[in-house]
Amino acid sequence: MSAMPDPTGATQGLRGGAFLFGETEDLFSPEQFDADSRLMVETAYSFCKKEVLPVLDRLDAQEDGLMESLVRKACELGFAACEAPERCGGLGLTKSLATRILEALSLNGSFSTTFGVHAGIAQSPIVLFGSDALREKYLPHLLSGEWMGAYALSEPNSGSDALSLQTKAERTADGYRLTGTKMWISNAKWAQTFIVFARTNEGVTAFVVERSFPGVTVGPEEHKMGLKGSSTARLELEGALVPEENLLYVEGEGHRVAFNALNLGRFKLAAMALGPARAALHHAAQYAKQRKQFGRPISEFGLIREKLARCAAMFYAAESMLYRTGGIVDHAFQQVDDAAPDRAEKYRRAAEECAIEASIGKVFATETLALCADEALQIHGGYGFTEEFPVARIYRDARVTRIYEGTNEINRIFVATRLTKKGVFQQLLDCEATDECHDLFLRSVRAAWETMGENLISDQQICARLSDMAMNLYAVQSAAVRATQATGPQGEFGRACAALWREQAGVALAAAAAEVFGRCGKAGEPVSLSSSGGKDVDAIATAVLESDGYPIL
Amino acid sequence: MKILVPVKRVPDPYAKVSVLPDGSGLDTTAIKFEINPFDEIAVEEAVRISEQREAEVVVVSIGKPECEEQLRKALAIGAHRGILVETEANLDSLGVAKILKKVFEKESPDLVIMGKQAIDDDANQAGQMLAALLDLPQMTFAAKVELLDGKARVTRETDAGQETLEAPMPCIITTDLRLNEPRYVALPGIIKARSKPIEKIPLADLGVEPECRVHTLKLRPPAPRQAGRRVESVDELIAALKEKGVLNG
Ligand SMILES: Cc1cc2nc3c(=O)[nH]c(=O)nc-3n(C[C@H](O)[C@H](O)[C@H](O)COP(=O)(O)OP(=O)(O)OC[C@H]3O[C@@H](n4cnc5c(N)ncnc54)[C@H](O)[C@@H]3O)c2cc1C
């Protein structure tokens, strides 16, 4: 029904943005991983539980050598080599599986950020956009964990507005000289390689910069409210000399490197948010069973059960979105021949395919983590506010996930802007609704488009409402379809979560729609959605309590 | 040399198991299955030996087609090839030992390393029975294994202290928890395991039809634990124990 052409011949359901048209074919979910894949995920999960979780205090104190040795151990098991093609020494696993493995490794925020940056945005620009020579020069060191990597885009005066970056790259006889300051650089303390973005006469350009190059220094650690075990510091470039062959992709096209690394980065950040959310739910369930007030475990109280159920339902929705997006990403990447000379162009298009899903997935998953961390702390009462229990750390660590890899505001604006500029909103005008949530979304899009047309992008509130509606639509749809595919107790649990999330999202959808209609002179339009009256709360809470946390891995 | 390691598919030891309503067995729909932890230690030990000297590690499992998952994991740890003896039959320890005897005769390994017991029924019998059926030496509950010229030496931890045994090979060794800490299976190992061979042998082809002499009549979950009570002093504790008839007087 959609007008978007599809050069890859994918089924409708596997194209980016297909969900907006109500397409759900071939939706991928974690239940579809085979036994080998599950073994890999379990290995990652047990590595994280046995090697990382017991040393969190020492990690947060940045004990000398500890984080590096954990990262190296993780790399020795192959965790950083999941996605790189076999041609360049990687394992060539699907991005969905690599992401599930990352999620399993991500129970703690500091380790997750450190490892996630190293195995993700510090590496993917070289894989996707690097020449064979650059790949050969750097990937063996990065994949094996012998070296750590970092990604340096942000600057003191250039954060969300990343392309306003001021770092200069001047061409000289023996390469480029880079001058400027990069701010908030994760892994700066440990990294041997930095993907640096700087401005040449042609525009923003990406480089691989080694720590050992003359003119490169790293500043002192920032004092952060959380994620204390991760390294965040400035990278100072004082006429740093970078050989010409370390230029990535095309001079002046560095924004494409930056944004496509971030597309994949956001897709993965969702997994890195679900890791700690899983840990939060685990502690919440355990504590609720053991803490007694008024003569009963607090897990028997309706409001505590509701918290557990809502967290689990939102988690289920976030997880469903994430791996559905994984299916789309994998399909797009499987079309690319890594040996072809134009692979960088093909990879770029593949990474763009999931831009919308990656952004809403990042926003949704980081907000899922916010809910889970907050409610887990609330369930712990006053004890949660102390450092004796692990939830305080999860709460502090969680906060930054809504800020980095594009703030959630920037991602919301990005979604609406892209849907406008790519003409998708316009295509939605004559799309048929598949259910009542979809119907409400389509009616809101029409109202906004009829009143404002392309100008809607200058109204940030409208943009955010439409993005949020798209996000909730993706969440509701992905959870519902996944749940109907699943069997056994996982299917039952999934259907309860999907139903509860549908109800929660329904409230948000109705509120957003009412606002859009109100602002577009259609205040009377009906917005109410049916409700199941919270009937699934108890079943979900029971499953979470019985499994000591979120029951599916 | 060749080392034979039997691996059993058992419910994840950390999974909460529940009994089917009619008491005929466990509800396995939601449970994850694993290699029996003692068997995983045996696989690890055999693989370590093979990393130090020329040795082929052959893993064998008996049961349904799903046991292939556990064999694949053993292959991912580093075993070289697998054998799956296919059967849907209920087996007791003697039945398992009889089947393993056939596999032993087919493979002629120099050494069998196996778990001292499986964490599902905790029988702790198959290794000993296999040794008896084959009339081979056995060294059980190994905490340390060393291979000497044509002999194996096992250190075992007993109530009286450490005991060291030696036996000529071939012999049967069963593993205790302390023998080693199994490695994390590295991802490249899992990928490599995909192409390692697993030979599937229908039980009938082995020429043995073990009769199961242990019958499970009914399973029932243990009675739920009664809530405890906190006592304030030793005197109160003693009084409470007397009241319950645990202490006399
Ligand atoms: C712990 C940590 C690790 C980091 N790691 C890295 C790293 O490894 N590499 C790297 O390059 N960067 C990294 N960053 C930087 C991070 O990506 C930026 O902080 C982020 O992009 C936001 O930029 P900013 O801090 O300058 O905020 P600003 O851009 O100044 O934003 C301030 C506020 O204004 C809002 N805002 C800004 N523009 C708009 C707009 N157009 N519309 C609506 N609202 C807007 C934002 O949402 C935010 O709420 C890290 C940051 C932290 C805290």
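Treat the numbers as computed from the prediction; the structure is a model and nothing was measured.

The subject of this paragraph is the overall build of chain B. When helices and strands are tallied, chain B shows six helices and 11 strands. Along the first, second and third principal axes, the C-alpha atoms of chain B reach 65 × 45 × 40 Å. Burial analysis of chain B (249 residues in total) assigns 36% to the buried set. In chain B, the share of contacts with a sequence separation of at least 24, taken over all contacts with a separation of at least 6, comes to 71%.

With that settled, the discussion passes to the domain arrangement of chain A. Residue and element names in this part refer to chain A. Split into domains, chain A comes out as domain 1 (30-148), domain 2 (149-253), domain 3 (255-409) and domain 4 (414-546). On the side of domain 2, 21 residues touch domain 1, which itself brings 26 residues to the contact. Breaking the side of domain 1 that touches domain 2 down by element, the ones donating at least two residues are helix 2 (56-60), helix 3 (66-76), helix 5 (109-119), helix 6 (124-129) and helix 7 (132-144). It is helix 5 that provides the largest number of residues to the side of domain 1 that touches domain 2, a total of seven residues. Here the residues of the side of domain 1 that touches domain 2 sort into 15 nonpolar, nine polar and two charged.

Below, the discussion takes up helix 4 (residues 95-105) of chain A. Think of an α-helix as turning once every 3.6 residues; residues three or four places apart then point the same way. Residues and elements named next belong to chain A. Of all 11 residues that make up helix 4, 11 are buried, and the element is covered over most of its length. Of all the residues in helix 4, the buried ones are K95, S96, L97, A98, T99, R100, I101, L102, E103, A104 and L105. Elements that come into contact with the buried residues of helix 4 comprise helix 1 (35-52), helix 3, helix 5, helix 8 (254-290) and helix 9 (302-334).

As a further point, take the pairing of strand 7 (residues 138-148) of chain B. Two faces make up the sheet, and in a regular strand the side chains alternate between them. Residues and elements named next belong to chain B. Pairing of strand 7 with strand 10 (residues 171-175) involves three bridges; the strand directions are parallel. In the sheet register, Q138 faces strand 10, and the bridge partner there is I172. One ladder, built from six bridges, connects strand 7 with strand 8 (residues 151-158); its direction is antiparallel. From the neighbouring strand, L148 faces strand 8, where its bridge partner is K151. Between the antiparallel neighbours strand 7 and strand 8 lie two residues, among them G150 with a positive phi of about 70 degrees.

With that settled, the discussion passes to unusual backbone geometry. With omega at 0 degrees, the peptide bond leading from M169 of chain B into P170 of chain B counts as cis. Assignment of secondary structure puts P170 of chain B in the loop between strand 9 (161-168) and strand 10. The phi dihedral of D26 of chain A falls on the positive side, at around 55 degrees, and the residue is not glycine. We note that N124 of chain B has phi near 55 degrees; this positive angle belongs to a residue other than glycine. Mapped onto the elements, N124 of chain B comes out in the loop between strand 6 (111-115) and helix 4 (126-134).

Moving on to the site of the ligand. Residues and elements named next belong to chain A. Looking at the ligand, there are 20 residues lining it, with G159, S160, W184, S186 and T407 nearest. Only strand 1 (148-152), strand 3 (175-186) and helix 14 (408-421) provide two or more residues apiece to the shell around the ligand. When residues of the shell around the ligand are assigned to domains, at least three map to each of domain 2 (149-253) and domain 3 (255-409).

So, how was this worked out
- Residues numbered from 1 in each chain as written.
- Chains lettered and ligands numbered in written order.
- Predicted model: local features only at pLDDT ≥ 70, side-chain atom pairs only at ≥ 80, totals over all residues.
- Helix = DSSP H or I, 4+ residues; strand = E, 2+ residues; numbered from the N terminus.
- Buried ≥ 20, exposed ≤ 12 C-beta atoms within 10 Å, placed from the backbone.
- Contact = placed C-beta atoms within 7 Å.
- Domains from an automatic or database assignment.
- Nonpolar A, V, L, I, M, F, W, Y, C, P; charged D, E, K, R; others polar.
- Pairing = 2+ DSSP bridges.
- Near = placed C-beta within 6 Å.

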